[in-house]
Amino acid sequence: QVDDECVARTATVWKERNPFFGEEVVLDVDTDFQELSVALYDHDRLTADHPLGFVTFSRLQLQTDQSLALDTWHPLTKLCRITSIGGEISVSLLLTESNGGLERLQVTVHRARDLLTESKADTYAVVEMDQAEHTTKKCKESRHPVWEETITLERIKMPKEFRIFVCSAKNIHGSNFLGEAIVSLATLEKDVERTSWYRLRPDPTDMVELRENQGSLRASIKFSHELVLPLVSYMKLTDYLLSSLQSISSTELGIVSLLESFLSDHTNGIQDREQLSRTLVRLFIGQAYCLKFLKHINHIEIMRAKDSSTLFRGNSLASKCTDQFMKIVGLRYLLETIKPVIDDVFREGKDCEIDPTKIVAKKGPEAIVAKNVEALSTYLNKLLTRIVQSQDRCPPIMRMAFKTLRTEVSANPALDVEAN
């Protein structure tokens, strides 16, 4: 989920207490999203799915914690009333300097929305910094309270973050905690007001016990924020790349060759070849030079190759650009060709497991394996038939690119393609 919206779902792994999903999801999120959460469910064919636990990552955590890009085990949290806190709070921040040389922070608490509380409860917000609390007025009987109060804080040095929590006061016996938000000051610029919505979350001290004996979820998460300027800002670079491509020969490969050699040196700190290759492919497709670009960049890769079994198996710029080219140009062709069969697999729900060690049966699994082999073979035959019959639907630019690629490979005697 991104905030409160479910955006992706994995396939169901049947009858397995230690499921392996092995799925990769790419999400385009709004610039003002607050958190990403991954929940694990026990699928039930007859009733509603049973939640087993979830793990949540804040926007700030995704931006700053580089270890999330590695495969890591994350403890699951039990889904219950305490963790089912919802709502958001709108806050403006303005950092200035006082006459006495202190840092002055003006915190304007505007309003909250979608609070999970009774409609007759009176709600208020509390700003907490360095254990000092500042409370707003109470807003009568509203799940969408409006405060519009400004609190001024002065410190010699502002902390990296502070806390805002929302409570409801229904009667004289106390208040109900409705959630908290951690407001980061790490990227706040002086004399520049910033207004944002912050997601309300449970109290971290209440979450500790809810993570005991709930299991763990292994995942790697990579967050990137791309700043795209107007096209005119890239015109000089675009013109230089195109002129370099137009003038290169088989021995002189211009700036493209320099990019390849630069990226192969990991000491430069640039390892995201996919992002660069995707940008280059999109650029050359837009300028109708993609075939020429792929021909020359693959020529470098093919001339270096000594064995056809390892050709295009590395992380070179050529292999990445070819992959991105297929994803961009061939996505619709891929969906038209194999999606109907994949839809049949999910709709029919037939078991295709052929590993006897993973089949639970009262008697020997041989009969079940034979039945599953038949189902799997049927699906594979459908896929193969659709692929073979899809020649006319294959994009012409992709067919031309791979015809050129085969010609280049055949020209290198060291690869011995016919023998392999």
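Below is a summary of the structure that appears in this document. Computed from a prediction, not measured in an experiment: that's the story for all the values here.

Turning our attention to unusual backbone geometry. Despite not being glycine, D130 shows a phi value in the positive range, around 55°. You can see D130 is positioned in the loop between β6 (122–129) and β7 (132–135). Positive phi outside glycine occurs at Q131, with the angle close to 65°. As for its position among the elements, Q131 is in the loop between β6 and β7. For Q131, a relative accessible area of 79% translates into the label exposed.

What follows is about the packing of helix α6 (residues 290–304) against helix α7 (residues 317–348). One way to put it is that α6 packs onto α7 with a least axis distance of 8 Å and a crossing angle of 145°. In this structure, α6 meets α7 at a crossing whose hand is left-handed. Across the interface between the two elements, C290, F293, L294, I297, N298 and E301 of α6 pack against L317, A318, C321, T322 and F325 of α7. Broken down by class, the residue content of the contact of α6 with α7 amounts to eight nonpolar, two polar and one charged.

What follows covers the sheet that holds strand β5 (residues 103–113). The sheet built from four strands is open, its strands ordered β8-β5-β4-β11 with antiparallel pairing. The open sheet has two edge strands, β8 (146–155) and β11 (194–199), and neither has a second partner. Within this sheet the neighbouring strands show an average axis-to-axis angle of 25°, counted without direction. Sheet analysis places β5 next to β8, joined by eight bridges and oriented antiparallel. The residue of β8 that forms the bridge with V107 is I151.

Cut-offs applied
- Residues numbered from 1 in each chain as written.
- Predicted model: local features only at pLDDT ≥ 70, side-chain atom pairs only at ≥ 80, totals over all residues.
- Heavy atoms only, no water.
- Helix = DSSP H or I, 4+ residues; strand = E, 2+ residues; numbered from the N terminus.
- Buried < 20%, exposed > 50% of the residue type's maximum accessible area, 1.4 Å probe, protein only.
- Axes fitted to C-alpha atoms, helices over the stretch in contact; angles between N-to-C directions.
- Left-handed = near helix turned anticlockwise from the far one by under 90°.
- Contact = heavy atoms within 4.5 Å.
- Nonpolar A, V, L, I, M, F, W, Y, C, P; charged D, E, K, R; others polar.
- Pairing = 2+ DSSP bridges.

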